[in-house]
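# Working through the structure, step by step
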Amino acid sequence: MTKYLISFPSAAMVFPEEELQSVADASHAVVQEAKDAGVWVFGGGIDESIPPVMVDGDGTVREGTYPQTAQLEGGYSVLELPSYQAALEWAAKIAASCRCAQEVRAFQYDPAS
């Protein structure tokens, strides 16, 4: 089976503040559904209050990011699914619960992982 990354940027979640709890409840319900189905691998939101850093091979830590990932934030789910179609179906469930469109990407197969 293939692992799929289903994600969205923080700015995509636009809804009235008073609906935050219902959105959280709906998204937690989809996560539980994925866990119950045995397809959940990992997920969560990037903690945007902690700035990203770069760590070199020698252990040197420096502020910043790669230019192409400077805006990496939002919510992420990794699901292990039997097909691309199944990934699209789960993305639709997540989109409905989070009230925003989801990106779907497939991880390359690696027999060591």
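Whatever comes next refers back to the structure up there.
A brief report on the enclosed structure follows. Since we're looking at a predicted model, the values are computed, not measured. (Residues numbered from 1 in each chain as written. Predicted model: local features only at pLDDT ≥ 70, side-chain atom pairs only at ≥ 80, totals over all residues. Heavy atoms only, no water.)

## A word on the packing of helix H1 (residues 20-37) against helix H2 (residues 84-98)
Put simply, H1 and H2 touch, their axes get as near as 7 Å, and they point 155° apart. Judged by the angle between their axes, H1 and H2 are roughly antiparallel. The residues of H2 that touch H1, namely those facing Val23, Ala26, Ser27, Val30, Glu33, Ala34 and Ala37, are Trp90, Lys93, Ile94, Ser97 and Cys98. Taken together, the residues of the contact of H1 with H2 sort by class into eight nonpolar, two polar and two charged. (Axes fitted to C-alpha atoms, helices over the stretch in contact; angles between N-to-C directions. Helix = DSSP H or I, 4+ residues; strand = E, 2+ residues; numbered from the N terminus. Parallel < 35°, antiparallel > 145°, perpendicular 65-115°, else oblique. Contact = heavy atoms within 4.5 Å. Nonpolar A, V, L, I, M, F, W, Y, C, P; charged D, E, K, R; others polar.)

## Observations regarding the packing of aromatic side chains
Aromatic rings considered in pairs are described by the distance between their centres and by the relative angle of their planes. Throughout the structure, instances matching the rule amount to one aromatic pair. Residues Tyr4 and Tyr84 carry aromatic rings whose centres are separated by 6.4 Å and whose planes lie at 50° to one another, so their mutual orientation is tilted. Taken as a pair, Tyr4 in strand E1 (residues 2-8) and Tyr84 in helix H2 lie far apart in primary sequence, 80 residues in all. In this arrangement the basic side chain of Lys93 is found over the ring face of Trp90, its NZ or CZ atom lying 4.2 Å from the centre. (Phe/Tyr/Trp six-rings, centres within 6.5 Å; stacked < 30°, edge-to-face > 60°. Lys NZ or Arg CZ within 6 Å of the ring centre and 35° of its normal.)

## Some remarks on the sheet that holds E1
Taking strand neighbours across the sheet as the criterion, the four strands line up as E2-E5-E1-E6 in an open arrangement whose pairing is antiparallel. The open sheet terminates on both sides in strands that have one partner only, identified here as strand E2 (40-45) and strand E6 (103-106). Within the sheet, the average angular offset between the axes of one strand and its neighbour, ignoring direction, is 20°. One ladder, built from five bridges, connects E2 with strand E5 (residues 75-81); its direction is antiparallel. (Pairing = 2+ DSSP bridges.)

## Overview of the pattern of salt bridges
Per the stated rule, a full pass over the model turns up five salt bridges. Across the salt bridge formed by Glu19 and Arg99, the nearest N and O atoms sit 2.0 Å from each other. Remark: Arg99 occurs in the loop between H2 and E6 and Glu19 occurs in the loop between E1 and H1; sequence separation between them is 80 residues. Salt-bridge contacts for Asp56 lead to Arg62; the nearest nitrogen and oxygen are separated by 2.8 Å. For Asp56, a relative accessible area of 30% corresponds to the partly exposed category. (Salt bridge = Lys/Arg side-chain N within 4 Å of Asp/Glu carboxyl O. Buried < 20%, exposed > 50% of the residue type's maximum accessible area, 1.4 Å probe, protein only.)

## Quick word on H2
An ideal rise of 1.5 Å per residue puts 21 Å on 15 residues; H2 measures up with 21 Å between its terminal C-alpha atoms. Among the residues of H2, those classed as buried are Ala86, Ala87, Trp90, Ala91, Ile94, Ala95, Ser97 and Cys98. Contacts from the buried residues of H2 go to E1, H1, E5 and E6. The positive-phi residue at the C-terminal boundary of H2 is Arg99, with phi of around 65°. (Expected span 1.5 Å × (residues − 1).)

## Focus: the environment of Met13
With respect to the helices and strands, Met13 occurs in the loop between E1 and H1. A relative accessible area of 27% places Met13 in the partly exposed class. Distance in space between the C-alpha atoms of Met13 and Ile46 is 14 Å, their sequence separation being 33 residues. Other than its neighbours up to four places away in sequence, Met13 contacts Phe8, Val23, Cys98 and Cys100.

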